[in-house]
Amino acid sequence: MPSSSAGFGLVPGVLPGRRFDDWAGLVRAGVHRQLMSAIAGGGKRGAESVVLSDEHSRDEDHGDVIVLTGEGATGDQQLTSGNAALATSASTRAPVRVVRPIATAAGGRAYLYDGLYTVEDYWSEQSPDGRRVWRFRLVRRVPAEQGVADGPQPDEADGPGSVGAVRSPLSIQRVVRSTAVANLVKRIHDFRCQVCGVRLQLSAGSAYAEAAHIRSLPSPHGGADTIGNVLCLCPNCHVLMDRGALVINDDLTVVSRADSSVLGVLRETAEHRIDREALAYHRTLHGVAEEGRGGDA
């Protein structure tokens, strides 16, 4: 179960559904320890908590799944400060507390602590006004990780700042990936990484590799679970690919974003043709043109 160590995870005595009359109340309770910024945390440690806002019209709130636009109201958003904190949380998988603003009967604003979420994914994209923005996909963690039982739970009735409601069981919808597709791609390449060529031998006759989708399956990406959209990678290259540290051009040259150097050519076979549209989407997702080539993706 997540702990509240160093500001992360559960806050003792505060369960999902707790209402706070103002932002200062969030700070006093330790739910959101930042008086000004909507994202508490830093790039090295990750994000402790997030207060959602209605300022971004393109944010998507599906209850258990939230697609959040990052910080930065003018110009291209940078992967710094709160945005960097959320990106770090995507790597560490540490829980992030989410707070929702709610309207009051008097026309004001209060805040509802909505529990712990995981930053499942992040990417950059062009907004309708032409700016480059960062987007983050947060998924609610299961009830057992929220400090509540897996079933309807009474709120702190008549307690200060309570909602006085009954919480329903939480559910998470996940895209089901085809194990057959993943295993086929790994067998085609004999469990050897298509980027670096490493084959992790575990024991006699046993090897390990990971199947990585070039264009992610969950919304809003909508990638296909087909072999053209899947790569056979070692764990290191898988992480670098997912985070945009590696990009692949249409000619299959692999480029390191650390110094724009060409690391080699992605291995492709007659049985495993790579989806170029998926590669282009991956480059666009991470704000990359045709790196190392001087052309456009």
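Residues numbered from 1 in each chain as written. Predicted model: local features only at pLDDT ≥ 70, side-chain atom pairs only at ≥ 80, totals over all residues. Heavy atoms only, no water.

Draft legend 1. Up close: the overall build of the chain. A count of helical and extended segments in the chain gives five helices and 17 strands. Put simply, the chain has 297 residues, and 45% of those count as buried. The contacts in the chain between residues at least 6 apart in sequence include a share of 58% that link residues at least 24 apart. Accessible surface computed for the chain: about 14200 Å², of which carbon and sulfur atoms make up 52%. (Helix = DSSP H or I, 4+ residues; strand = E, 2+ residues; numbered from the N terminus. Buried < 20%, exposed > 50% of the residue type's maximum accessible area, 1.4 Å probe, protein only. Contact = heavy atoms within 4.5 Å. Areas by Shrake-Rupley, 256 points an atom, 1.4 Å probe, with all protein chains shown as cover.)

Draft legend 2. Focus on unusual backbone geometry. Phi is positive for R93, close to 65°, though the residue is something other than glycine. As for its placement among the helices and strands, R93 is situated in the loop between α2 (81–92) and β6 (96–103).

Draft legend 3. Representation of the side chain of S89. On the secondary structure map, S89 appears in helix α2. Contacts of S89, omitting those with residues within four sequence positions, involve G46, A47, A94, V96 and V119.

Draft legend 4. Molecular detail of the state of the cysteines. Applying the stated rule across the entire model yields zero disulfides. Take C193: it sits in no disulfide, and the sulfur closest to it among the cysteines is that of C196, at 3.7 Å. Here C232 is not cross-linked by a disulfide; its sulfur's nearest cysteine counterpart is in C193, at 6.9 Å. When its relative accessible area of 0% is taken as the criterion, C232 is described as buried. (Disulfide = S-S within 2.5 Å.)

Draft legend 5. Looking closely at the confidence of the model for the chain. Averaged over all residues, the pLDDT of the chain equals 81, while 82% of them reach at least 70. Taken element by element, the chain is modelled with least confidence in strand β10 (residues 166–167), mean pLDDT 34, and with most confidence in strand β3 (residues 46–51), mean pLDDT 95. Confidence drops under pLDDT 50 across residues 1–5; counting only partners more than four residues distant or on other chains, this segment forms 15 contacts. Here residues 150–176 is a poorly scored stretch, pLDDT under 50, and it has 53 contacts once near neighbours within four places are set aside; other chains count. (pLDDT = per-residue confidence, 0-100.)

Draft legend 6. The environment of D225, seen in detail. Note that D225 resides in the loop between β13 (210–213) and β14 (230–233). Taking C-alpha positions, D225 is 9.2 Å from R215, a pair spaced 10 residues apart along the chain. Here the side chain of D225 touches H213 through a polar contact of 2.7 Å, side chain to side chain. (Polar contact = N/O pair within 3.5 Å; in protein donor to acceptor, adjacent residues only side chain to side chain.)

Draft legend 7. Focus on the sheet that holds strand β16 (residues 253–256). Read from one edge of the open sheet, three strands run β15-β16-β17, paired in antiparallel fashion. Taken across any chain shown, the strands that pair with only one partner, and hence form the sheet edges, are β15 (246–248) and β17 (262–265). Each neighbouring strand pair of the sheet contributes to a mean axis angle of 25°, computed without reference to strand direction. Of the strand pairs in this sheet, β15 and β16 are connected by three bridges, and their pairing is antiparallel. Paired with L246 across the bridge in β16 is S256. (Pairing = 2+ DSSP bridges. Axes fitted to C-alpha atoms, helices over the stretch in contact; angles between N-to-C directions.)

Draft legend 8. Structural context of the environment of V96. Turning to its location among the elements, V96 is positioned in strand β6. With sequence-adjacent residues up to four places away left out, V96 is seen in contact with A47, E48, S49, V50, S89, G115, L116, Y117 and V119.

Draft legend 9. Expanded view of the pairing of strand β7 (residues 109–126). Among the 18 residues of β7, 15 are classified as buried, and the element is accordingly described as predominantly covered. In this sheet, β7 lies alongside strand β1 (residues 19–20) in antiparallel orientation, the contact comprising two bridges. Across the sheet, the residue bridging to R19 is L112, located in β7. Bridge analysis of β6 against β7 gives eight bridges, and the strand direction is antiparallel. In the strand pairing of β7, P101 is matched with Y111. The hairpin formed by β6 and β7 contains five residues between the paired strands, and G107 there has a positive phi angle of roughly 85°. The antiparallel hairpin formed by β7 and strand β8 (residues 132–140) contains five residues in its connecting segment, where G130 sits at a positive phi of about 90°.

Draft legend 10. Main features of a nonpolar patch on the surface. A contiguous nonpolar surface patch, about 330 Å² in accessible area, is contributed by V198, L200, L202 and Y208. In this fold, Y208 is placed in strand β12 (residues 206–208). Judged by its relative accessible area of 35%, Y208 is partly exposed. (Patch = residues over 30% accessible without salt bridge, like charges linked within 9 Å, V, L, I, M, F, W, Y side chains within 5 Å. Salt bridge = Lys/Arg side-chain N within 4 Å of Asp/Glu carboxyl O.)

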